[in-house]
2 protein chains.
Amino acid sequence: MSRATLKDVAAHAGVSYQTVSNVLNDHRSVRPTTRERVIQSIRMLDYHPNQAAKALREARVTTLCCVFYGYHAEDIHDPYHNLIQSAFILEAYTHGYSMTTAFLDSKSPESLESFRQAFMQGRFGGVIVVITGDTLAAKQVQMFKEWGLPCVLFDNEPSSLGVSAVTADYTQGIFELVNHHVSKGRNRITLLIPKDDLASSAITRHNAYIKAVQSHNLPHHIVFGEWSFESGENAFYEVWNTEHRPDALLCANDRMAAGAILAARKLGVRVPEEIAISGFDDFEFARYTAPSLTTIRVPYDEMARQALRTLLGNLEDSHAPTQTTFLPVSLVVRESS
Amino acid sequence: MSRATLKDVAAHAGVSYQTVSNVLNDHRSVRPTTRERVIQSIRMLDYHPNQAAKALREARVTTLCCVFYGYHAEDIHDPYHNLIQSAFILEAYTHGYSMTTAFLDSKSPESLESFRQAFMQGRFGGVIVVITGDTLAAKQVQMFKEWGLPCVLFDNEPSSLGVSAVTADYTQGIFELVNHHVSKGRNRITLLIPKDDLASSAITRHNAYIKAVQSHNLPHHIVFGEWSFESGENAFYEVWNTEHRPDALLCANDRMAAGAILAARKLGVRVPEEIAISGFDDFEFARYTAPSLTTIRVPYDEMARQALRTLLGNLEDSHAPTQTTFLPVSLVVRESS
DNA sequence: CGAAGAGATTTGAACGTTCAACTATGTGTA
DNA sequence: TACACATAGTTGAACGTTCAAATCTCTTCG
């Protein structure tokens, strides 16, 4: 019933347990015939090396942790987290690692404490940090470094934190989007973006927008929301009834864009005839909206895989240089523009 | 730099390492003054018991695994998985357990093999299995039992598998929904539900629908889809142009209902005047649709917590009786009906 | 044919914890 | 005073693995 150990395999193959270990890690040379015999025994006894013992002896954990910051119950429906998390898990698997998840809130000291405890207990050996809209979180990342917890930032530029990061080329995406709207004859392009809680990825989009419209000698106009569907809906009502009524609304994510499209329909405003609306993410529901949503496809899955590989690199060589990777994004034109 | 161990604490407090262990597990009696001294030392040295060593000695893993079955890349956007997974993680945390995730496909032997390997390596000590639309998966659950892997089924009735399960009272939900439609004067109520890949939760909804309409002496009519938004859209086109044109379309999940609502709008069919449309789940986007969606709220988060507690119960006492828990659901009436 | 040296294999110790058995100390009872 | 006995604390072994050093077994060559 209980699982086979090194010694069981050794006894079965008629060698010492160290020889079995040598075969497994091909550490010291083993005679081919012996190796074959040991491998046979491993198969027959269905032996699998005990991870706990390995971790104890090697002082190396093969579990990683994905940290979601600024994660409230309402955010739970967001495909964003789901998508990247699955990508982490699958990529970790292929490298022989397990993946755990933690939800942190920079305003809750207890959540940080229980996280630290888990780390100190050796439950995971490295983290990928996903910060969405939690500006205080960056300080805690600094703390991770002090703890000696290897760390890679996801979808965030590390500024001066001194940690590696993987993100996408949002500047490129915004430029493509603005160019697209301009090419369709739009010249009153408004940006809808969250005001508070500006994660660095949002700051990047904000700055890129201003540069992009300026490059076409167009005025910039910004209206503020907060990432949610409802906020997109409200922002549309607000922006439609001002002197700045735009002919293109560039929403900083797909959810707000979906809200704006609904608001337009409720007001009887025709999209894209009277106003073009675009999103940012290219989640599944961008195809559901009526009209379907023009947006920027962000390769979150590829970014996640890259982040995981970067983290593994840091684990192997703790003095690896910190690096920031930018992945390209692409414009997806649909009916809404 | 390296972490404090039992011996470090013992040396600091001037006792033997076993005494420290006794304090931590209050196993043998320790004099209050000594206990206090040890606790002080633990604090000062920032000691945290090493999980790997604990797991090795106790042959007990404090990591659980959440298994998603029938999980294809396209399903990744589904709030369903996201929601329950977060609930698992949070509940596990409060009990001192970590949570991993695995994606299995009953048609892929490799995925099963690498999963088994992870289990044999002692990466997790129990699983919660989430099967959506993978009829072969049930056989693999049987296999888990043979491996000695404690297991709880989520959102699925175990039929004769002999494992515990947590699900919701879908029969109640369907009855409430049908009664609601009837109370609004509807008498041609059609069900939209997947045909193949019938997870037991879908079978339950299917049977409940037939009983419910029969209880009102109404005819039953069923049209088949496959859980997705697109399938809901197509099903609406199909059902609208038949002799069986319904005045209420009861969709087996929210996504199909959202698709149906879009299709109705595209055809210029007024909802709910000409036809009522209802969903099942009550995910966030049920509020996004135009009109907003009448649906059944399924307490997935509470179900997840319950499933995790059931699993922990099985772990503590491996001879605990298998039990199936049904949680109540509730009708949420919105504009679409 | 004996010694050197490489190759193959074994033994001992350690990782940090818990369990079992053992020793030392104090407390009440005959 | 001597004894039993609970209480407090200690030491030794084990969990399953890897690393370091030690031993054994061949070749190969002077």
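Because the structure is a prediction, the values reported are computed rather than measured.

1. Notes on the overall build of chain A
Secondary structure assignment for chain A yields twelve helices and twelve strands. In terms of C-alpha radius of gyration, chain A reaches 25 Å, well past the compact-globule figure of 20 Å for 337 residues. Based on the C-alpha atoms only, the size of chain A along its principal axes is roughly 85 × 40 × 35 Å. When burial is assessed residue by residue, chain A has 57% of its 337 residues classed as buried. Contacts spanning at least 24 positions in sequence make up 74% of the contacts within chain A whose residues lie at least 6 apart. When the accessible surface of chain A is split by element, carbon and sulfur atoms take 50% of a total near 14400 Å². Computed over 31 positive and 37 negative side-chain charges, the separation of the two mean positions in chain A equals 8 Å.

2. Quick look at the packing of helix α2 (residues 17-25) of chain B against helix α3 (residues 32-45) of chain B
To describe two helices that pack against each other, one gives the angle between their axes and the distance between the axes. Residue and element names in this part refer to chain B. It is the contact of α2 with α3, at a shortest axis distance of 10 Å, that shows an interaxial angle of 90°. The angle between α2 and α3 places the two elements in the roughly perpendicular class. Contacts from Thr19, Val20, Val23 and Leu24 of α2 reach α3 at Thr34, Arg35, Val38, Ile39 and Ile42. Considering only residue class, the contact of α2 with α3 consists of six nonpolar, two polar and one charged.

3. Notes on the nonpolar core
The biggest cluster of nonpolar side chains holds 152 residues, and the ones touching the most others in it are Phe88 and Phe154 of chain A together with Phe88 and Phe154 of chain B. If sequence neighbours within four positions are ignored, phenylalanine 88 of chain A has contacts with Cys66, Met99, Ile128, Val130, Phe154, Ala304, Ala307 and Leu308 of chain A.

4. So, helix α4 (residues 51-58) of chain B
Along α4 of chain B, the residues classified as buried are Gln51, Ala52 and Ala55 of chain B. On an axial view of α4 of chain B, the arc spanned by its buried residues comes to 100°, and they lie on one face. Of the surrounding secondary structure, the elements contacted by the buried residues of α4 of chain B are α4 (51-58) of chain A. The distance from a side-chain oxygen at the start of α4 of chain B to the backbone nitrogen of alanine 52 of chain B is 2.7 Å, and the residue carrying that oxygen is asparagine 50 of chain B.

5. Remarks on the protein's contact with DNA strand C
The environment of DNA strand C is made up of 27 residues, and the closest members are Thr19 and Thr34 of chain A together with Leu6, Gln18 and Arg57 of chain B. Note that a base oxygen of DNA strand C is positioned 3.4 Å from one of the side-chain N or O atoms of glutamine 18 of chain A. With respect to DNA strand C, the backbone of asparagine 50 of chain B contributes an N or O atom lying 3.0 Å from a phosphate oxygen. Those elements that place two or more of their residues in the surface near DNA strand C are α2 (17-25) and α4 of chain A together with α2 and α4 of chain B.

6. What about the sheet that holds strand β6 (residues 189-194) of chain A?
All names here are of chain A. Taken together, four strands build an open sheet; the order of strands is β7-β6-β8-β9 and the sheet is parallel. Among the strands making up the open sheet, the edge pair consists of β7 (221-225) and β9 (276-278). With strand direction ignored, the average angle separating the axes of adjacent strands in the sheet is 20°. Relative to β9, strand β8 (residues 248-251) runs parallel, the two being bridged by three bridges. Its bridge partner lying in β9, leucine 250 is registered against serine 278. Its contacts with the sheet place helix α9 (residues 200-215) against β6, β7 and β8, and it is angled at close to 170° to β6. Along the sheet, helix α10 (residues 229-240) makes contact with β6, β7, β8 and β9, crossing β7 at roughly 140°.

Thresholds, definitions, all that
- Residues numbered from 1 in each chain as written.
- Chains lettered and ligands numbered in written order.
- Predicted model: local features only at pLDDT ≥ 70, side-chain atom pairs only at ≥ 80, totals over all residues.
- Heavy atoms only, no water.
- Helix = DSSP H or I, 4+ residues; strand = E, 2+ residues; numbered from the N terminus.
- Rg over C-alpha atoms; globule rule 2.2 N^0.38 Å.
- Buried < 20%, exposed > 50% of the residue type's maximum accessible area, 1.4 Å probe, protein only.
- Contact = heavy atoms within 4.5 Å.
- Areas by Shrake-Rupley, 256 points an atom, 1.4 Å probe, with all protein chains shown as cover.
- Lys, Arg positive; Asp, Glu negative; His and termini not counted.
- Charge placed at Lys NZ, Arg CZ, Asp CG, Glu CD.
- Axes fitted to C-alpha atoms, helices over the stretch in contact; angles between N-to-C directions.
- Parallel < 35°, antiparallel > 145°, perpendicular 65-115°, else oblique.
- Nonpolar A, V, L, I, M, F, W, Y, C, P; charged D, E, K, R; others polar.
- Core = buried A, V, L, I, M, F, W, Y, C linked by side-chain atoms within 4.5 Å.
- Arc of directions from axis to C-beta.
- Polar contact = N/O pair within 3.5 Å; in protein donor to acceptor, adjacent residues only side chain to side chain.
- Near = heavy atom within 4 Å.
- Pairing = 2+ DSSP bridges.

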